Amino acid sequence: MKKHWVKKKDLDTPLCEVFSDTKTNGTARQWVAITEFVLGVSPCELDKMNFNELNEYMDSLDKQLMKVVN
């Protein structure tokens with residue numbers, strides 16, 4: 001969902017400061033690292049991705065995670 005896409009400059013900003021409808025103080029970078037660990041996915045270098053790649057990767061992780069928890 002593009003309205004929840006993260007800018008690279010916000011990777012280390014608490015998500016509650018990036019998105020007003022989010023309550024977590026964790027960062028997007030932390031979420032990616034935890035999700036990669038849970039899914040057993042090799043960590044990606046987020047800083048080398050462009051805006052679209054970064055957010056498509058995060059969306060992909062989210063979809064994979066939803067399959068595991070549901």
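Here's a quick rundown of the structure. As the structure is a prediction and not an experimental result, all values here were calculated from the model. (Residues numbered from 1 in each chain as written. Predicted model: local features only at pLDDT ≥ 70, side-chain atom pairs only at ≥ 80, totals over all residues. Heavy atoms only, no water.)

Details of the overall build of the chain
Assigned secondary structure in the chain consists of three helices and zero strands. Counting helices and strands in the order they occur from the N terminus, the chain gives α-α-α. In terms of overall size, the chain behaves like a compact globule, its C-alpha atoms giving a radius of gyration of 12 Å where 70 residues would be expected to give roughly 11 Å. Looking at the 70 residues of the chain, the share that counts as buried comes to 29%. Residue pairs at least 24 apart in sequence account for 45% of intrachain contacts in the chain once pairs closer than 6 positions are excluded. Total accessible area computed for the chain in this model is approximately 5000 Å², and 54% of it derives from carbon and sulfur atoms. Averaged over its 10 positive side-chain charges, the chain has a centre that lies 4 Å from the centre of its 11 negative ones. (Helix = DSSP H or I, 4+ residues; strand = E, 2+ residues; numbered from the N terminus. Rg over C-alpha atoms; globule rule 2.2 N^0.38 Å. Buried < 20%, exposed > 50% of the residue type's maximum accessible area, 1.4 Å probe, protein only. Contact = heavy atoms within 4.5 Å. Areas by Shrake-Rupley, 256 points an atom, 1.4 Å probe, with all protein chains shown as cover. Lys, Arg positive; Asp, Glu negative; His and termini not counted. Charge placed at Lys NZ, Arg CZ, Asp CG, Glu CD.)

So, the nonpolar core
Within the largest apolar cluster, 12 residues are counted, these being Val 6, Leu 11, Leu 15, Phe 19, Ala 28, Val 32, Leu 46, Met 49, Leu 54, Tyr 57, Met 58 and Leu 61. Residue assignment for this core shows that the elements contributing at least two residues are helix 2 (28–39) and helix 3 (51–69). By residue number, the principal contributor to this core is helix 3, which donates four residues. For Leu 11, the residues in contact, after removing those within four places along its chain, are Val 6, Thr 27, Ala 28, Arg 29, Leu 46, Asp 47 and Leu 54. (Core = buried A, V, L, I, M, F, W, Y, C linked by side-chain atoms within 4.5 Å.)

Points about the environment of Trp 31
On the secondary structure map, Trp 31 appears in helix 2. A relative accessible area of 26% means that Trp 31 is categorised as partly exposed. C-alpha of Trp 31 to C-alpha of Met 58: the two residues are 27 residues apart in sequence and 9.0 Å apart in space. Look past the residues within four positions of Trp 31 in its chain and what remains in contact with it is Met 58, Leu 61, Asp 62 and Leu 65.

Remarks on the side chain of Glu 36
Structurally, Glu 36 is set in helix 2. The charged side chain of Glu 36 is buried without a salt bridge, its nearest counter-charge being Arg 29 at 9.2 Å. For Glu 36, the contacting residues outside a window of four places in its chain are Val 41, Ser 42, Pro 43, Cys 44, Tyr 57 and Leu 61. (Salt bridge = Lys/Arg side-chain N within 4 Å of Asp/Glu carboxyl O.)

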